Amino acid sequence: MKLGVNIDHVATVRQSRGGDEPDPIMAAKICEGAGADSIVCHLREDRRHILDADVKMLKKSVTTRLNLEMALSPDILDVALRLKPDQCTIVPERRQEITTEGGLDVVRYFKKITRAADLLRQKGICVSLFIAPEKPQITRAAEAGVDMIELHTGCYANSRTRSAAQKQLKTLSDMTHFARDLGLTVNAGHGLNYANTAPVARINGIEELNIGHSIISRAITTGLQQAVKEMLAIIRTAT
Ligand code: PXP
């Protein structure tokens, strides 16, 4: 099972000060050095974290695979067609949302999605659709001719009871097999963390998990001791 690391929230911290640290490009290098199989970033319409310049730099520096999450807006599609990341994952996007809340509605927006996917694939970009683990969405994704899908694991991650989580895991497993039988590569992600990832990683047929928030959060707690020690060393040496 592969791991794609979403580095959006490194950029979120940078944007909170408007400066240039922490640097998402350096973060991507560290993730790759640690064994990540791909780097994921989401160029949102409001540019609240990742900026166009970041995608441009990541395209140059990522040595594994760059997976650009994007909504179907003409502006973002233009950026993707110009910068040609290895992969584009089409996601729904609402400006007011804190994070991607649901899956893409491929049934409703079939024509628009197919048109964009065709343009991206003509440029040699691998196309994935971020969708709910539901048969109609998966069927339409296969009909749209995309290479892969990413199953939304939010319902599993938000399960409040063990039995609800088991039910969601079964759905994810069943829908993985359903999608693979239609010729699709299957990835999964959203809301996965250090407590709930293992059961999803055990599902046969899922090729890659895309994880962001929990890894970046963990990096803060695991790295904080070192960061404080380094600053104390500077202060103590100076005084
Ligand atoms: N996959 C997709 C398509 C996403 O939009 C996101 C969130 O940006 C993730 C995976 C990662 O979700 P999380 O940050 O909850 O790990």
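What you see is a predicted model, and the numbers here were worked out from it, not measured in a lab. Residue indices begin from 1 for each chain and proceed along its sequence in written order. Since the coordinates come from a predicted model, pLDDT governs what is reported: local features require at least 70, and pairs of side-chain atoms require 80 or more to be given and counted, while whole-chain, interface and lining totals use all residues. Remark: hydrogens and water are excluded; side-chain values derive from all non-hydrogen atoms of the structure.

## Quick look at the environment of aspartate 147
1) Next: Mapped onto the fold, aspartate 147 is located in the loop between helix 6 (135-143) and strand 6 (148-152).
2) Next: Note: C-alpha distance between aspartate 147 and phenylalanine 130 (17 residues apart in sequence) is 12 Å.
3) Next: Setting aside chain neighbours within four positions, we find aspartate 147 in contact with Arg121, Ile125, Cys126, Val127, Leu184 and Thr185.
4) Next: A distance of 3.0 Å separates the side chain of aspartate 147 from the side chain of arginine 121, its partner in a polar contact. Helical segments are the DSSP runs of H or I of at least four residues, strand segments are the runs of E of at least two, and each set is numbered from the N terminus. Throughout, a residue-residue contact means that at least one pair of heavy atoms, one from each residue, lies within 4.5 Å. Contacts described as polar in this section are N or O atom pairs within 3.5 Å, which, within protein, must combine one atom able to donate a hydrogen with one able to accept it, while residues neighboring in sequence count only if both atoms come from side chains.

## Considerations on the site of the ligand
1) Next: For this purpose, a residue is taken to be near a molecule or strand whenever a single non-hydrogen atom of the residue falls within 4 Å of it. The local shell around the ligand holds 13 residues, among which Glu69, Glu150, Gly191, Gly212 and His213 are the closest.
2) Next: Interatomic distance of 2.9 Å between a side-chain N/O atom of glutamate 69 and an oxygen atom of the ligand.
3) Next: Measuring from a nitrogen atom of the ligand, one finds a side-chain N or O atom of glutamate 150 at 2.5 Å.
4) Next: The Shrake-Rupley method, run with a 1.4 Å probe sphere, supplies the accessible areas, and residue values consider only the shown protein chains as cover. Summarising the interface, the protein chains cover 93% of the accessible area of the ligand, which totals 400 Å² for the free molecule.
5) Next: When residues are sorted by character, Ala, Val, Leu, Ile, Met, Phe, Trp, Tyr, Cys and Pro go into the nonpolar class, Asp, Glu, Lys and Arg into the charged class, and all the rest, Gly among them, into the polar class. In the shell around the ligand, the residues fall into three nonpolar, eight polar and two charged.

## Topic: the environment of leucine 81
1) Next: Counting through the fold element by element, leucine 81 comes out in helix 4 (residues 74-83).
2) Next: Expressed as a C-alpha distance, the spacing of leucine 81 and arginine 121, which sit 40 residues apart in the sequence, is 9.5 Å.
3) Next: Once residues within four sequence positions are removed from consideration, leucine 81 is found in contact with Leu119, Leu120 and Lys123.

## A short note on the packing of aromatic side chains
1) Next: Only Phe, Tyr and Trp rings are paired, with Trp represented by its six-membered ring, and only when their centres lie within 6.5 Å; those with planes under 30 degrees apart are stacked, over 60 edge-to-face, the remainder tilted. In this structure the tally under the stated criterion is zero aromatic pairs.
2) Next: For a lysine, the NZ atom is tested; for an arginine, the CZ atom; a charge sits over a ring if that atom is within 6 Å of the ring centre and within 35 degrees of the ring normal. Seen from the ring of phenylalanine 110, arginine 140 lies directly overhead, with NZ or CZ sitting 3.8 Å from the centre.
3) Next: Over the ring of tyrosine 194 we find arginine 218; its NZ or CZ atom is 4.1 Å from the centre of that ring.

## Quick notes on the packing of helix 6 against helix 8 (residues 162-181)
1) Next: Comment: axis = line fitted to C-alpha atoms, over the contacting stretch for helices; angle = value between 0 and 180 degrees taken between N-to-C directions. The interhelical angle for the contact between helix 6 and helix 8, taken along N-to-C directions, is 25°, at an axis separation of 10 Å. Comparing their axes, helix 8 and helix 6 come out roughly parallel. Crossing hand, helix 6 versus helix 8: right-handed. Here Lys135, Ile138 and Thr139 of helix 6 come into contact with helix 8, specifically with Met175, Phe178 and Ala179.
2) Next: Residues that form the contact of helix 6 with helix 8 fall into these classes: four nonpolar, one polar and one charged. Note on angle classes: values under 35 degrees are labelled roughly parallel, values over 145 roughly antiparallel, values of 65 to 115 roughly perpendicular, and the remainder oblique. Note: crossing handedness is left-handed where the near helix turns anticlockwise from the far helix by less than a right angle, and right-handed where it turns clockwise.

## Digging into the pattern of salt bridges
1) Next: Salt bridge criterion: a side-chain nitrogen from Lys or Arg within 4 Å of a carboxyl oxygen from Asp or Glu. Overall, the coordinates contain nine salt bridges when judged by the stated rule.
2) Next: Across the pair arginine 14 and aspartate 54 runs a salt bridge whose closest N-O atoms are separated by 2.6 Å. Linking arginine 14 in helix 1 (residues 8-17) with aspartate 54 in helix 3 (residues 52-61), this pair joins segments that are 40 residues apart in sequence.
3) Next: The exposure class of arginine 14 is buried, given its relative accessible area of 7%.
4) Next: Each residue gets one of three labels from its accessible area relative to the maximum for its type: buried under 20%, exposed over 50%, partly exposed in between, using a 1.4 Å probe on protein chains only. For aspartate 54, a relative accessible area of 7% corresponds to the buried category.
5) Next: One salt bridge connects glutamate 143 with arginine 140, and the closest N-O pair in it is separated by 2.5 Å.

## Some points on the layout of surface pockets
1) Next: A pocket, in this scheme, is an open set of points on a 1 Å grid over the protein atoms alone with protein on both sides within 12 Å along at least 5 of 7 lines, while a cavity is a set where a 1.4 Å probe fits but cannot get out; residues line either one if an atom lies within 4 Å of a point. Grid points are joined across faces, edges and corners, and a volume is the space filled by probe spheres set on the points. Empty space within the largest pocket amounts to approximately 830 Å³.
2) Next: Considering the residues around the largest pocket, the lining is formed by 23 residues, among which Val10, Pro22, Ile216, Ala219 and Ile220 are closest to the centre.
3) Next: If you list the elements that add at least two residues to the lining of the largest pocket, you get strand 1 (2-6), helix 1, helix 2 (24-33) and helix 10 (213-238).
4) Next: Element by element, the count of residues in the lining of the largest pocket is highest for helix 10, at seven residues.
5) Next: In the lining of the largest pocket, the residues fall into 18 nonpolar, three polar and two charged.

## Comments concerning the nonpolar core
1) Next: Side-chain atoms within 4.5 Å are what join buried Ala, Val, Leu, Ile, Met, Phe, Trp, Tyr and Cys residues into a set we call a nonpolar core. Ranked by size, the top nonpolar core spans 62 residues in total, and within it Ile7, Leu58, Leu120, Leu129, Ile131, Ile149 and Leu151 carry the most contacts.
2) Next: If one sorts the elements of this core by residue count, helix 4 sits on top with six residues.
3) Next: With sequence-adjacent residues up to four places away left out, leucine 58 is seen in contact with Ile7, Pro24, Ile25, Ala28, Ile39, Cys41 and Leu66.

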